Amino acid sequence: MDKLTETVLSILAGSKVTLEIFIFTLAMSLPLGFFVALLRLSGIRPLAILMDVYIWIMRGSPLMLQLLFVYFALPMIGVRFSDIAAALLAFTLNYAAYFAEIFRAGIQSIPRGQYEAAKTLGLTYSQTMRRIILPQMIHRTLPPISNETINLVKDTSLIYILAMNDLLRVARTIVQRDFDMTAFFIAGAFYLVMTAVLTAIFKRMEAHYGKYDE
Amino acid sequence: MENTTNNAAYMLRVRDIHKSFQDNEVLKGISLDVCRGEVLSIIGPSGSGKSTLLRCLNRLETIDKGSIEVKGEFLVENDDSGCAAYAPTEKARALLGCMGMVFQQFNLFPHMTVLENLMEAPMQVKKQTREEIQPAAEELLRKVGLYEKRDAYPSRLSGGQQQRVAIARALAMRPDIMLFDEPTSALDPELTVEVLKTMRELAAEHMTMVVVTHEMTFARDVSNHVIFMADGVIVEQGRPSDLFGNPKEERTRMFLGNMVK
Ligand SMILES: Nc1ncnc2c1ncn2[C@@H]1O[C@H](COP(=O)(O)OP(=O)(O)OP(=O)(O)O)[C@@H](O)[C@H]1O
Ligand SMILES: [Mg+2]
């Protein structure tokens, strides 16, 4: 019993790293992704192409490779980060690319008539974006955003390779030390609880933004 | 300013406007006048440029050449090189604010209730408070017969109801001129009646209206003036009794013949 408590506490400590990566990545990649989507749709060709290339690289290569690159390759050319900063940088850049594509599709799915109606009513461009386009875009993009967010919870386990004592690494250390599988089950339960909580939060947000149907 | 007295009765004066999409000239020199309280109907075959003309009036499309005067002031006029030059932003905004528009596809804001749809522009553009605007918005909804739907979302309304909300939404900005682009074309026949009724009531209140329509009965009964367009030009125009009763041009006769059939 004492041993079980100790295992849970160790894993709880590990989950702190995991949660940090998760929360900060989300907090940074959502706005960054939105900004990238706006640049991508800006109609300024060089910017749009640049964003396309960025999105292509981030979505077209493994996140694991990107992590290794930031963590091991950049220091070789003298760019050095703390462990957590390296992980956050890689995760944020990667997830922002996914979110950018979701936001781009969301913005483009709003019919032209919405912009035209707003314009004939005298709304400025920024009022139109803020009051008319964005709320509808959020409504339409919540399901894919929710998917990506849950993926992020699981992807945080990739920092395992950076030796940062996250949830998964702590669990594995205990399993190897004690020859006892329990820690894996506890770790699994932690991930499941996190995704369950997120699912519930997104359900509520979808209900809030989905008071109307289209 | 010089011509204020002369032009005061004109809500819209359009002179020789041209509009091309790439090398496709869609408007080939259109001129028209709309007086205060007048209802102008624009009819014509598909692709003749009716929507484009209407959209040029409120700058959803920009014209290449020609002039548009709103209430005696130039929204756009030819510069020295003969190209259309628009008024400075602030003035253009003010003039465009005189016009409301109703679209074929309604274009209501789906994430707002009926009442919110009406109050959005007055609150954002005119910075009126909710308390200031709500009574007027509710009054407009009563007028179009949809007061009891004020808290419904647009998706819960029939097409005819949505279009009446769209009309009320445009009216909430207190425009002097209302533009309608085939407001009943997307509706089932039994629903067009209620929208046309709302439009007739507006006309009876002497709202200045420019209406692109396929509803010949409406054009004949309600408008003071009818324009028949084809291929980007005005083929014939006049009082509805003349144009419908005794069309002079062969193209008009053919078009009206097809419409009746
Ligand atoms: N944004 C655009 N880009 C390119 N061509 C356009 C555009 N809008 C309209 N056109 C062209 O301009 C011409 C006139 O179109 P318009 O929509 O004004 O006709 P209309 O008289 O309103 O027809 P309908 O009765 O079918 O609504 C058409 O040939 C159309 O293809
Ligand atoms: Mg049209």
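Residues numbered from 1 in each chain as written. Chains lettered and ligands numbered in written order. Predicted model: local features only at pLDDT ≥ 70, side-chain atom pairs only at ≥ 80, totals over all residues. Heavy atoms only, no water.

Peer 1: Would you explain unusual backbone geometry in this entry?
Peer 2: Most peptide bonds take the trans configuration, and most residues that are not glycine carry a negative phi. All names here are of chain B. The backbone of Asn107 shows a phi angle near 55°, a positive value even though the residue is not glycine. Within the secondary structure layout, Asn107 lies in the loop between strand S7 (99–102) and helix H4 (114–125). For Lys127, which is not glycine, the phi dihedral falls at a positive 55°. Structurally, Lys127 can be placed in the loop between H4 and helix H5 (130–143). Since its relative accessible area comes to 59%, Lys127 is described here as exposed. (Helix = DSSP H or I, 4+ residues; strand = E, 2+ residues; numbered from the N terminus. Buried < 20%, exposed > 50% of the residue type's maximum accessible area, 1.4 Å probe, protein only.)

Peer 1: Would you take a moment to explain the pairing of strand S2 (residues 24–35) of chain B for this structure?
Peer 2: It is a general feature of regular strands that their side chains alternate between the two faces of the sheet. All names here are of chain B. Pairing geometry for strand S1 (residues 10–21) and S2, over 9 bridges, is antiparallel. Bridge pairing links Tyr10 to Cys35 in S2. Following S1, the chain reverses through 2 residues before pairing antiparallel with S2; Gln22 in that reversal takes a positive phi of roughly 50°. (Pairing = 2+ DSSP bridges.)

Peer 1: What is the right way to look at the interface of chain B and chain A in this model?
Peer 2: The parts lose accessible area when they come together, and the size of an interface is often stated as this lost area. With 25 residues of chain B in contact, the opposing surface of chain A contributes 22 residues. Summed over both partners, the interface of chain B with chain A comes to about 2000 Å²; 56% of that surface belongs to carbon and sulfur atoms. With its nearest N and O atoms 2.6 Å apart, the salt bridge here joins Glu120 of chain B to Arg131 of chain A. Applying the counting criterion to the chain B and chain A interface returns 8 residue pairs in polar contact (both at pLDDT 80 or more). Those elements giving two or more residues to the side of chain B that touches chain A turn out to be S7, H4 and helix H6 (159–171) of chain B. With 4 residues, H4 of chain B is the largest single contributor of residues to the side of chain B that touches chain A. Residue composition of the side of chain B that touches chain A, by class: 13 nonpolar, 5 polar and 7 charged. (Contact = heavy atoms within 4.5 Å. Buried area = accessible area lost by both parts, 1.4 Å probe. Salt bridge = Lys/Arg side-chain N within 4 Å of Asp/Glu carboxyl O. Polar contact = N/O pair within 3.5 Å; in protein donor to acceptor, adjacent residues only side chain to side chain. Nonpolar A, V, L, I, M, F, W, Y, C, P; charged D, E, K, R; others polar.)

Shape is all these values report; function is a separate question.
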